[in-house]
Amino acid sequence: GIQVEQSPPDLILQEGANSTLRCNFSDSVNNLQWFHQNPWGQLINLFYIPSGTKQNGRLSATTVATERYSLLYISSSQTTDSGVYFCSGGSNYKLTFGKGTLLTVNP
Amino acid sequence: GAVVSQHPSWVICKSGTSVKIECRSLDFQATTMFWYRQFPKQSLMLMATSNEGSKATYEQGVEKDKFLINHASLTLSTLTVTSAHPEDSSFYICSARDFSSGKGDTQYFGPGTRLTVL
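As the structure is a computational prediction, the values presented were derived from the model and not from experiment.

Novice: When you look at the overall build of chain A in this model, what are you seeing that I'm missing?
Specialist: On a plain count of helices and strands, chain A comes out with zero helices and eleven strands. Along its sequence from the N terminus, chain A presents helices and strands in the succession β-β-β-β-β-β-β-β-β-β-β. Against the globule reference of 13 Å for 107 residues, chain A gives a C-alpha radius of gyration of 13 Å, in line with a compact fold. Dimensions of chain A, computed from C-alpha atoms along their principal axes, come out at roughly 40 × 25 × 20 Å. Split into buried and exposed, the 107 residues of chain A put 48% on the buried side.

Next up, the structure:
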């Protein structure tokens with residue numbers, strides 16, 4: 001099956017800093033999603049982005065499908081951005097999840 | 001839009017009992033729902049794919065007789081953990097596939113159910 005590798009595994013930032021999270025796939029995927037899991041366990045959809053670039057406020061994502069990776073950019077981070085960020089993808093409608101990036105934003 | 005609910009949010013039960021978890025898509029119809037399991041500080045692992053009106057498809061290593069899935073309508077899937085044991089304690093999360101026009105093939109997730117088996 002598809003392997004999903006996320007980096008870095010942990011990231012600590014000061015409020016206001018920018019960051020880039022990366023996700024590599026072992027094979028081509030035709031559906032790719034980024035999620036933020038809050039401290040209560042809820043997975044919040046950030047982007048559905050099998051290819052191209054999207055932006056939503058301080059967050060943006062870029063997927064280069066031909067090179068099998070995706071990037072999530074967080075600008076001007078806030079303490080509420082803390083949590084685990086997962087990318088996931090698959091070659092069919094199923095999603096395989098990476099191990100996540102634990103982001104801690106300190107005030 | 002695209003809200004998925006789960007009930008209960010948490011449950012504590014005695015070993016040997018069965019527990020039913022409900023997953024509902026509130027504002028869209030979902031012909032396909034998914035059940036995941038997440039251990040503390042770990043990733044989500046797909047357990048099974050639930051298809052409305054047909055049998056669920058289980059991932060390798062998941063006991064279908066232990067984890068019974070029913071998808072009786074376009075907005076409801078249930079997961080029943082039968083004869084639960086302490087090793088079944090986990091965070092169970094469902095998702096619903098929204099393939100409506102313009103959204104791509106997007107999964108929306110419920111808030112999860114924390115199961116503790118004593």
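Now that the structure is up, let's keep going.
Novice: Teacher, can you tell me more about the pattern of salt bridges here?
Specialist: Close approach of charged atoms lets side chains of opposite charge pair. The full count for this structure, using the stated rule, is four salt bridges over all chains. Where Glu59 of chain B meets Lys94 of chain A, a salt bridge forms, and the shortest distance between an N and an O atom there is 2.7 Å. Of this pair, Glu59 of chain B sits in the loop between strand S6 (57-58) and strand S7 (67-73) while Lys94 of chain A sits in the loop between strand S9 (83-90) and strand S10 (96-97), placing the two residues on different chains. Judged by its relative accessible area of 22%, Glu59 of chain B falls in the partly exposed class. With its nearest N and O atoms 3.4 Å apart, the salt bridge here joins Arg24 of chain B to Glu22 of chain B. The exposure class of Glu22 of chain B is partly exposed, given its relative accessible area of 25%.

Novice: What is the right way to look at the sheet that holds strand S8 (residues 69-74) of chain A in this model?
Specialist: The strands making up a sheet associate through backbone hydrogen bonding, with each pair oriented either parallel or antiparallel. Residues and elements named next belong to chain A. Taken together, five strands build an open sheet; the order of strands is S1-S3-S8-S7-S6 and the sheet is antiparallel. If you trace the sheet from one side to the other, it starts and ends with strand S1 (4-7) and strand S6 (52-56), each paired once. Along the sheet, successive strands turn relative to each other by an average axial angle of 15 degrees, direction set aside. Taken together, the six bridges between strand S7 (residues 59-64) and S8 define a ladder with antiparallel strand orientation. Bridged to Thr63 within S8 is Ser70.

Novice: Looking at this structure, how should I read the state of the cysteines?
Specialist: Scanning all chains against the criterion turns up two disulfides over all chains. Paired through a disulfide, Cys23 of chain A and Cys87 of chain A show a sulfur-sulfur distance of 1.8 Å. On the sign convention where negative means left-handed, the S-S torsion of about 65 degrees between Cys23 of chain A and Cys87 of chain A marks this disulfide as right-handed. Separated by 64 residues along the polypeptide, Cys23 of chain A in strand S3 (residues 19-25) and Cys87 of chain A in strand S9 bring together distant segments of the chain. Relative accessible area serves as the criterion here: at 0%, Cys23 of chain A is assigned to the buried category. Disulfide pairing places Cys23 of chain B opposite Cys94 of chain B at an S-S distance of 2.0 Å. Taking the torsion about the sulfur-sulfur bond, which here is approximately 80 degrees, the covalent link between Cys23 of chain B and Cys94 of chain B counts as right-handed. Here the residue Cys23 of chain B occupies a position in strand S3 (residues 19-25), and Cys94 of chain B occupies one in strand S9 (residues 90-98), the gap between them amounting to 71 residues. Like Cys23 of chain B, the residue Cys94 of chain B is buried in the burial classification.

Novice: In this structure, what is going on with the interface of chain A and chain B? I would like to understand it.
Specialist: The accessible area lost on association of the parts is a frequent measure of interface size. Every contact between the two is made by 17 residues of chain A and, on the other side, 21 residues of chain B. Between chain A and chain B, roughly 1,500 Å² of surface is buried when both sides are summed, and carbon and sulfur atoms account for 54% of that area. Linking chain A to chain B there are one salt bridge. Viewed at the interface, chain B and chain A are joined by eight residue pairs in polar contact (both at pLDDT 80 or more). Elements that contribute at least two residues to the side of chain A that touches chain B include exactly strand S4 (31-37) and strand S5 (43-48) of chain A. Among the elements that line the side of chain A that touches chain B, the one with the most residues is S4 of chain A, at four residues.

Novice: Would you explain the nonpolar core in this entry?
Specialist: For soluble globular proteins, the rule of thumb is that nonpolar side chains tend to be buried together. Counting 27 residues, the largest nonpolar core has Phe67 and Leu115 of chain B as the members making the most contacts within it. Other than its neighbours up to four places away in sequence, Leu115 of chain B contacts Val11, Cys13, Val19, Val81, Asp88, Ser89, Ser90 and Tyr92 of chain B. Counting residues in each nonpolar core, the second largest holds 21 residues, with Ile2, Cys23, Val29 and Leu46 of chain A among its members.

Novice: Whenever I open this one, unusual backbone geometry confuses me. Can you help?
Specialist: If a residue is not glycine, its phi is most likely negative; likewise, a peptide bond is most likely trans. Cis geometry is adopted by the peptide bond preceding Pro8 of chain A, which originates at Ser7 of chain A and carries an omega value of -10 degrees. Along the chain, Pro8 of chain A turns up in the loop between S1 and strand S2 (10-14). At the junction of His7 of chain B and Pro8 of chain B, the peptide bond is cis and its omega measures out at 0 degrees in the coordinates. Along the chain, Pro8 of chain B turns up in the loop between strand S1 (4-7) and strand S2 (10-13). Although it is not a glycine, Arg68 of chain A adopts a positive phi angle of roughly 60 degrees. Mapping Arg68 of chain A onto the fold places it in the loop between S7 and S8. Its relative accessible area of 35% is what places Arg68 of chain A among the partly exposed residues. A positive phi angle, near 45 degrees, is found at Ser76 of chain A, a position not held by glycine.

Criteria and cut-off values
Residues numbered from 1 in each chain as written. Chains lettered and ligands numbered in written order. Predicted model: local features only at pLDDT ≥ 70, side-chain atom pairs only at ≥ 80, totals over all residues. Heavy atoms only, no water. Helix = DSSP H or I, 4+ residues; strand = E, 2+ residues; numbered from the N terminus. Rg over C-alpha atoms; globule rule 2.2 N^0.38 Å. Buried < 20%, exposed > 50% of the residue type's maximum accessible area, 1.4 Å probe, protein only. Salt bridge = Lys/Arg side-chain N within 4 Å of Asp/Glu carboxyl O. Pairing = 2+ DSSP bridges. Axes fitted to C-alpha atoms, helices over the stretch in contact; angles between N-to-C directions. Disulfide = S-S within 2.5 Å. Contact = heavy atoms within 4.5 Å. Buried area = accessible area lost by both parts, 1.4 Å probe. Polar contact = N/O pair within 3.5 Å; in protein donor to acceptor, adjacent residues only side chain to side chain. Core = buried A, V, L, I, M, F, W, Y, C linked by side-chain atoms within 4.5 Å.

By themselves, these observations are geometric and do not establish any function.
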